[in-house]
Amino acid sequence: MNLSGWLLALIQTTLFVAAAPLFAAWVKALKSRLQNRRGPSLLQPYRDLHKLFHKEVMVAHTASPVFRAAPYIVFSAAILAAMVVPLVAARLPTAAIADVIVLVGFLALGRFFLALAGMDVGTSFGGMGASREMTVSSLAEPATLMAIFTLTMTAHSTNLSTVIAHNLETGLILRPSFLFAFMGLTLVALAETGRIPVDNPATHLELTMIHEAMILEYSGRHLALMEWAAQIKLMLYAVLILNIFLPWGIAADFAPGSLLLGLFAITAKLVILGAALALAETGLAKMRLFRVPQFLNLAFLLALLGMLSQVILEVGA
Amino acid sequence: MLALAELAVLAALGSSLLSLGASHSAAALRWGAFPLLGLTGLCAIVAGLGALMAPEPFTAQLPLGLPWLPWQLRLDALGGFFLALIGLIVTTVSVYGPGYVREFEHGQASLPVLGVFTGLFVAGMLLVVLADDAFMFMVSWELMSVSSYFLVAFQHEHAANRRAGFLYLLMAHIGGLSILLGYGVMAAFAGSFDFEAMREATLPTTWASIAFALAFFGFGMKAGLVPLHAWLPEAHPVAPSHISALMSGVMLKVAVYGFVRVSLDLVGAIQPAWGVIVLIVGSISALLGVLYALMQHDLKRLLAYHSVENIGIIFIGLGLTMVFLSTGHPLLGAVALVAALYHTLNHAVFKSLLFLGAGAVLQQAHERDMERMGGLARRMPWTGLFFLIGCISISALPPFNGFVSEWLTFQAALQTWALESGPLRTLIPIAAAMLALTGALAAACFVKVYGVAFLGQARSRPVRRAREAPLGMRIAQGTLALMCLLLGVFPTTLVHLLDGVGGQLLGTHLPQATARGWLWLTPVSPDTASYAAPVVLLGLILTWGLGSWILRRGERRAVHRCDPWDCGFAPPDARMQYTATAFSMPIRRIFQGLFIVREGVEPEAHTGEPRYQLQVRDRAWGLFYAPVAVVVRESARRITRIQTGNIRVYLGYTLATLLVLLWLIL
């Protein structure tokens, strides 16, 4: 293994984790603008995190050790997931540690502990959030995997770098399977990251909340870690969709020029995707909770259609 | 190695004999029978590992059985793997047992019965794996089935347990009969009950399919595949918990062994259609198993339904193996076989761990209903920790063991592009989708289990008074929890061992599995996929450690404890917590077509107060069992007409039978 590759992977992961609050802030600021509000500055999430890290931690009497361990596990799982997704450069050595199924596994690990933490204190809000989160994710996860399988079957590999390299080589062919997988994955990403129309990230104390209900009891650094992990997850899905379906500009080698180009490309793509997300969130209304399964079934169906069109129509591709 | 395996069987029988003395003093069971069972387990582990690593099978003959058919023993890599698996669980159970049976020492239940039949049960399972002829196989199989019946019916003072025991016995015998007929078909063409002869015989496709179908039905019934699973959630939970661990963790695996032995080894050339059927049945079992499990709130029953799910996952792997082998892709077949066997071992480890944990809870809190548990993690910290590890493992989360085998199964399924046939290329991805859904639902189910039973506040007085389980029980659970971690973090070692099974059974090795060293698991090839579990664990520990070190720097005082905030409402009490039923309600609504749901508010029997009632039942009963029961009862009623109660008529029947038989012979 080359040392520079590992070093680059470390830098890329750090960049990923550090930039995640910025992306969330970008979506938030743009959304405020679209709704005729001034909105917070782009640095506000960093200020919030800084504030939370220095506040006292309050833990309920009824909390077990799981409650205190969960923020660290959730955060670690998010970082590991960020490590695997190519941001600026593909073909980094970290990509071989875990393939895309393991990536989904990392997200599931984080979610498992997030839901347990919600149940831990024994409040009804926590249980409610955990129940909804696990229901939503148990329908969303297979759709994610199906969408990803469609891509990996084309590339004959589940390694993300190989998939991206394959897509770069073959160029843009508008395959039906890709289109379906793209639509399916986008819907899933909205559900998994708790965005409108499935969950509203801007709300506390609403009976329909999902993510917020689980972290209600957290405070101080624990809350900071949970919030940060959620921001990483949002960015993760964004980068995953962008770099798999629109891989142009990503650095295939480690030359400074191509790395700079890769950085520029992903920044531009994220800015545009963030704008699209803000636009969608402004235009759409939140769904009733029991409509969410239909939404996710649609995502699953799209992903399955993608898979079927891949195996039936694109034989030998 | 075979001598060691025979010693294991003898030790199990010895443990059974020693338990006879337990009617006088319970010490005979605690200090005699259980250590001997431990010896059985250790011998089986060593013998099994030896056979796994040996290039050639070991064979021997026992001077027992029929005059012209002495019992043949054979220990090859496949048998060795299952022998080691049985040994592992039996060893931990023997450490767990002495603490657990203390509960029965002052009850009505008879300890000698427990000890005698446990020994016979273990001996039966070991002999099944060692058998090399159909006759010995069936004798050992029946020994296993019948002795476990007595363990299911151990606490027979409850009518429900007697009913479960009867159902179990009935189903075990229908299954056994089907297996026997399957062997009969193969023996007819081989001319002998010897497995060696069956291996060499070539069956016409029709007869081979019949033999396969009979074996699949029989072993599938024992393994608990949907729709033959109805006995499993009745029988497994009512046995004492360490026996539940043996039944769910090991006995189902013996059925898997039988199926692998017949379908991949004995019956000959595999047809693609068989693989497709196995794949479909496996997928349905996995999905329905986990959905039914989600609806349960009896902890042990829930775990039993999860066995149905995991057996389904194992059969998905086996179905893939058969599809790939029959279409001429031996390498991919070997990958799928390794995935199936890996999951077999994993399920044995984590399901036994969970049953032992449920047993510890049952012993300390006298409660199986999750709706009355809560807060056990703080009252039983060790059991809580080990149970959590079991939950993570069974939910297939990295870096624990359940994840590795599901990952391998996915890898095998994703090689579908290599197949020529269109329907197969469509079917396998759908099976993979079912597997993905199953995995996600299993995670939801175990969040429910752990969240409701172990977290939160205690919902009843006995649970509030629960204390940590005795040392032996904790050691047993700890060993299994450690195995969960090790099997998850060092998959290359086990895949390397399992490679021997594929090598002997299919003649195919996985040349690429560890091509990049022990750190990287690359089942098909390094370009296709790789997983470095040790690095993942290291990464998790590093980020966790670094994070908490940076954040807690300079802070010495303990965290501030306070009442839960709960949006500023009054501090919640135990009854305000989310219940297991509430937790799974959204999923019940989504999949409501699959259950029979009876929901309503009915007055209670004693007080007349209105109470919310909810019953969720399995559709399998109404669809498959009730019609059979009706037919049996109806035909029995018709047949009773010939019973007049008049002795002369009966003598007439006897004479007529005699004449017919004489006519047949002469």
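Calculation rules
Each chain carries its own residue numbering, running from 1 in the direction its sequence is written. Chains carry letters and ligands carry numbers; both start at the beginning, A for chains and 1 for ligands, and go up in the order they are written. With pLDDT at 70 or above as the cut-off, local features in this predicted model cover only qualifying residues; side-chain atom pairs require 80 or more to be listed or tallied, and sums for whole chains, interfaces and linings still use all residues. Runs of H or I in DSSP of at least four residues are treated as helices and runs of E of at least two as strands, each being numbered from the N terminus. Here the globule rule reads 2.2 Å times residues to the power 0.38, and the radius of gyration is calculated from C-alpha atoms. Three exposure classes are used, based on other C-beta atoms lying within 10 Å of a residue's own C-beta, which is placed from the backbone: buried for 20 or more, exposed for 12 or fewer, and partly exposed in between. A helix is expected to span 1.5 Å multiplied by its residue count minus one. For every residue pair, C-beta atoms are placed from the backbone, and the pair is scored as a contact if these atoms sit within 7 Å. In this document the domain limits rely on a domain assignment from an automatic tool or a database. Three residue categories are used. Nonpolar comprises Ala, Val, Leu, Ile, Met, Phe, Trp, Tyr, Cys and Pro, charged comprises Asp, Glu, Lys and Arg, and polar comprises the others, including Gly. Note on pairing: DSSP must find at least two bridges between two strands before they are called paired.

Scanning chain A from terminus to terminus reveals eleven helices and one strand. Walking chain A from its N terminus toward its C terminus, one meets helices and strands in the order α-α-β-α-α-α-α-α-α-α-α-α. The C-alpha radius of gyration computed for chain A amounts to 19 Å, which stays within 12% of the reference 20 Å derived for 317 residues, consistent with globular compactness. When burial is assessed residue by residue, chain A has 61% of its 317 residues classed as buried.

This part takes up helix α20 (residues 491–505) of chain B. All names here are of chain B. For α20, spanning 15 residues, the distance from its first C-alpha to its last is 21 Å, which sits close to the expected 21 Å at 1.5 Å a residue. P491, T492, L494, V495, L498, D499, G500, V501, G502 and Q504 are the residues of α20 that are buried. Summarising the contacts, the buried residues of α20 are in contact with α2 (26–53), α3 (77–101), α13 (330–365), α16 (401–413), α19 (471–489) and α21 (533–552). G507 occupies a position one or two residues after α20 and carries a positive phi of about 75°.

Moving on, we come to the domain arrangement of chain B. For chain B, the domain assignment lists domain 1 (1–201 + 225–268), domain 2 (270–509) and domain 3 (591–601 + 611–666). Here the C-alpha centre of domain 3 of chain B lies 36 Å away from the C-alpha centre of domain 2 of chain B.

Take the interface of chain B and chain A next. Of the residues lining the interface, 65 residues belong to chain B; the matching set on chain A comes to 69 residues. Elements with a contribution of two residues or more to the side of chain B that touches chain A: α14 (376–379), α16, α17 (422–454), α21, β3 (560–562) and α22 (580–590) of chain B. Ranked by residues supplied to the side of chain B that touches chain A, first place goes to α17(B) with 15 residues. When grouped by side-chain class, the residues that make up the side of chain B that touches chain A number 43 nonpolar, 15 polar and seven charged. Relative to β3(B), strand β1 (residues 58–60) of chain A runs parallel, the two being bridged by three bridges.

Our next topic: unusual backbone geometry. A cis amide bond, omega 15°, links I196(A) with the succeeding residue P197(A). With respect to the helices and strands, P197(A) occurs in the loop between α7 (176–192) and α8 (211–214). A cis amide bond links V226(B) to the next residue, P227(B), at an omega of 5°. With respect to the helices and strands, P227(B) occurs in the loop between α8 (205–223) and α9 (232–238). Located in the positive-phi region is N36(A), a residue other than glycine, with phi close to 60°.

Further remarks concern the environment of R195(A). Residue and element names in this part refer to chain A. Note that R195 resides in the loop between α7 and α8. Residues R195 and D48 lie 147 residues apart in sequence; the distance between their C-alpha atoms is 20 Å. In contact with R195, other than residues within four places in its own chain, are L190, P201, L277 and E281.

The next subject is the pairing of strand β4 (residues 595–603) of chain B. Regular strands place their side chains on alternate faces of the sheet. Residues and elements named next belong to chain B. Counting buried positions over the nine residues of β4 gives zero, only a small fraction of the element. When β4 meets strand β5 (residues 610–618), the two strands line up antiparallel, connected through nine bridges. When the bridges of β5 are listed, P603 appears paired with P610. The antiparallel pairing of β4 with β5 creates a hairpin that spans six residues between the two strands, and G608 there sits at a positive phi of about 80°.

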